[in-house]
Amino acid sequence: MLYGEGWLNFDSSPTLRLERLPLVGQQLGRFAGNARPFPKDVRYGDISKGLPVPPNSARGIYASHVLEHLALDDFRKALVNTLSMLEPGGVFRLIVPDLEGRARRYIESAAARSTDASGTFMRTCHPGMEQRPRSLLGRIRLLIGGSAHLWMWDEAAMTD
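Residues numbered from 1 in each chain as written. Predicted model: local features only at pLDDT ≥ 70, side-chain atom pairs only at ≥ 80, totals over all residues. Heavy atoms only, no water.

Asker: Run through the packing of helix H4 (residues 99-111) against helix H5 (residues 117-125), naming residues and quoting values.
Answerer: Where H4 meets H5, the closest approach of the two axes is 9 Å, and the angle between their N-to-C directions is 165°. The angle between H4 and H5 places the two elements in the roughly antiparallel class. As H4 runs across H5, the sense of the crossing is right-handed. Taking contact as the criterion, the partners of Leu99, Arg102, Ala103, Tyr106, Ser109 and Ala110 in H4 are, on H5, Ala117, Ser118, Phe121, Thr124 and Cys125. Looking at the contact of H4 with H5, its residues break down into seven nonpolar, three polar and one charged. (Axes fitted to C-alpha atoms, helices over the stretch in contact; angles between N-to-C directions. Helix = DSSP H or I, 4+ residues; strand = E, 2+ residues; numbered from the N terminus. Parallel < 35°, antiparallel > 145°, perpendicular 65-115°, else oblique. Left-handed = near helix turned anticlockwise from the far one by under 90°. Contact = heavy atoms within 4.5 Å. Nonpolar A, V, L, I, M, F, W, Y, C, P; charged D, E, K, R; others polar.)

And the structure:
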């Protein structure tokens with residue numbers, strides 16, 4: 001995890017909430033599939049619902065591989081919330097998967113008649129799954145995991 005001194009760190013993972021339960025939290029977190037526990041200073045927070053950060057108070061906000069896990073309407077709420085936290089002249093830095101680059105690679109692979117062009121595209125964009133979970137634990141992880149990509153962008157869409 002990358003962050004600096006004085007940064008506030010939020011994550012909306014259900015696993016984080018499980019880990020913070022008294023007595024059994026660490027074990028439940030591992031059961032839910034998180035091999036490494038979250039650092040102690042990471043707080044639970046959902047940017048699409050708003051974070052406990054005063055308006056116009058953040059010099060910078062950094063979101064790495066977060067926004068693609070939100071539905072489009074939640075993404076829009078997250079942007080409004082993010083911009084309200086930034087102080088005038090503040091910086092919002094984000095990292096999301098490059099849809100355009102992945103689409104170009106798919107088209108090139110398909111044009112070359114690659115037998116796995118569509119499979120590679122699906123695996124790198126994560127909009128679907130190769131196998132539906134069969135076990136109860138697998139279904140619970142799918143339900144609360146939040147690892148699927150719900151929306152993706154190219155540079156033009158992100159700078160619009």
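Asker: Which residues make up the pairing of strand E4 (residues 86-95), and what values go with them?
Answerer: One ladder, built from six bridges, connects strand E3 (residues 58-64) with E4; its direction is parallel. In the sheet register, glycine 60 faces E4, and the bridge partner there is valine 91. Considered for its hand, the β-α-β crossover made up of E3, helix H3 (residues 72-85) and E4 is right-handed. (Pairing = 2+ DSSP bridges. Right-handed = clockwise from strand over helix to strand, strands pointing away.)

Asker: Just give me the short version of the pattern of salt bridges, but keep the residues and values in it.
Answerer: Per the stated rule, a full pass over the model turns up four salt bridges. Between arginine 123 and aspartate 116 there is a salt bridge, with the nearest N and O atoms lying 3.0 Å from each other. Residues arginine 123 and glutamate 130 are paired through a salt bridge, measuring 3.0 Å at the closest nitrogen-oxygen approach. According to the relative accessible area criterion, arginine 123 is partly exposed, its value standing at 38%. A residue is classified by how much of its surface remains accessible, and glutamate 130, at 63% relative accessible area, is exposed. Sharing partners across several salt bridges, the network here consists of Asp116, Arg123 and Glu130. (Salt bridge = Lys/Arg side-chain N within 4 Å of Asp/Glu carboxyl O. Buried < 20%, exposed > 50% of the residue type's maximum accessible area, 1.4 Å probe, protein only.)

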